[in-house]
Amino acid sequence: MNIRKYSKSDYNQLLEIYSMSKLDELKYESTNFELLSLDKDEIRLAQIYESDIYVYGTKYAVGFCAYSGSEIRALFVHPNYRGKGIGVSLLEFMLSNIIGTATLYVAASNHPAIKLYQKYGFKIISEFKTTYNRKAVLANKMEQLPVYG
């Protein structure tokens, strides 16, 4: 596993991964969205920077994740590196570091992501309206109760 703590030298790669991946989570929506790059999305960038950020890759980051406390805030893999278990590795890494009930938010139309999260014991606990780049999106809040063994 090549997961390491984010460093400032990863910034441009983080922006590229986000730009190449962000609209994929909204591709099942009936509305067409325009990308708001991470460096221009002050709220999202601040949320990520106040989180624990990790990247996947030794020299060059090909995926990243961020969590704050028990909330998963980001999980992105560059499209050229998908299907290789990177997203699963990042998710499992975050879950191994989260204490208590893990939470995350996902577009309600993003069924592939929801199915992945459900494999890890997440349940949809609420649905709400939000926006991305000033366009409405229906989202789900999901929670994973801790497993005690």
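These lines cover the structure that appears in this document, whether it is placed above or below. What you see is a predicted model, and the numbers here were worked out from it, not measured in a lab. (Residues numbered from 1 in each chain as written. Predicted model: local features only at pLDDT ≥ 70, side-chain atom pairs only at ≥ 80, totals over all residues. Heavy atoms only, no water.)

**Observations regarding helix 4 (residues 111–119)**
Part 1 of the argument: Of the positions making up helix 4, those classed as buried are Ala-113, Ile-114 and Tyr-117. All buried residues of helix 4 fall inside an arc of 100° around its axis, so they share one side. Residues of helix 4 that are exposed and point more than 90 degrees away from the buried face comprise Lys-115 and Lys-119.
Part 2 of the argument: Tucked into the core, helix 4 has its buried residues touching strand 4 (71–77), helix 3 (86–97), strand 5 (102–107), strand 6 (122–132) and strand 7 (135–144).
Part 3 of the argument: Looking at the residues trailing helix 4, positive phi occurs at Gly-121, about 85°. (Buried < 20%, exposed > 50% of the residue type's maximum accessible area, 1.4 Å probe, protein only. Helix = DSSP H or I, 4+ residues; strand = E, 2+ residues; numbered from the N terminus. Arc of directions from axis to C-beta. Contact = heavy atoms within 4.5 Å.)

**Re the nonpolar core**
Part 1 of the argument: Ile-72, Leu-90, Tyr-117 and Phe-122 are the most contacted members of the largest nonpolar core, which has 24 residues in total.
Part 2 of the argument: Of all elements in the fold, only strand 2 (52–56), strand 3 (63–68), strand 4, helix 3, strand 5 and helix 4 reach the threshold of two or more residues within this core.
Part 3 of the argument: Of the residues forming this core, the biggest block, 6 residues, is contributed by helix 3.
Part 4 of the argument: Ignoring anything within four residues of it in the chain, the contact list for Phe-122 reads Ile-72, Leu-95, Ala-102, Thr-103, Leu-104, Tyr-117, Met-142, Glu-143 and Gln-144.
Part 5 of the argument: Ranked by size, the runner-up nonpolar core spans 20 residues in total, among them Phe-33, Leu-45, Ile-53 and Phe-76. (Core = buried A, V, L, I, M, F, W, Y, C linked by side-chain atoms within 4.5 Å.)

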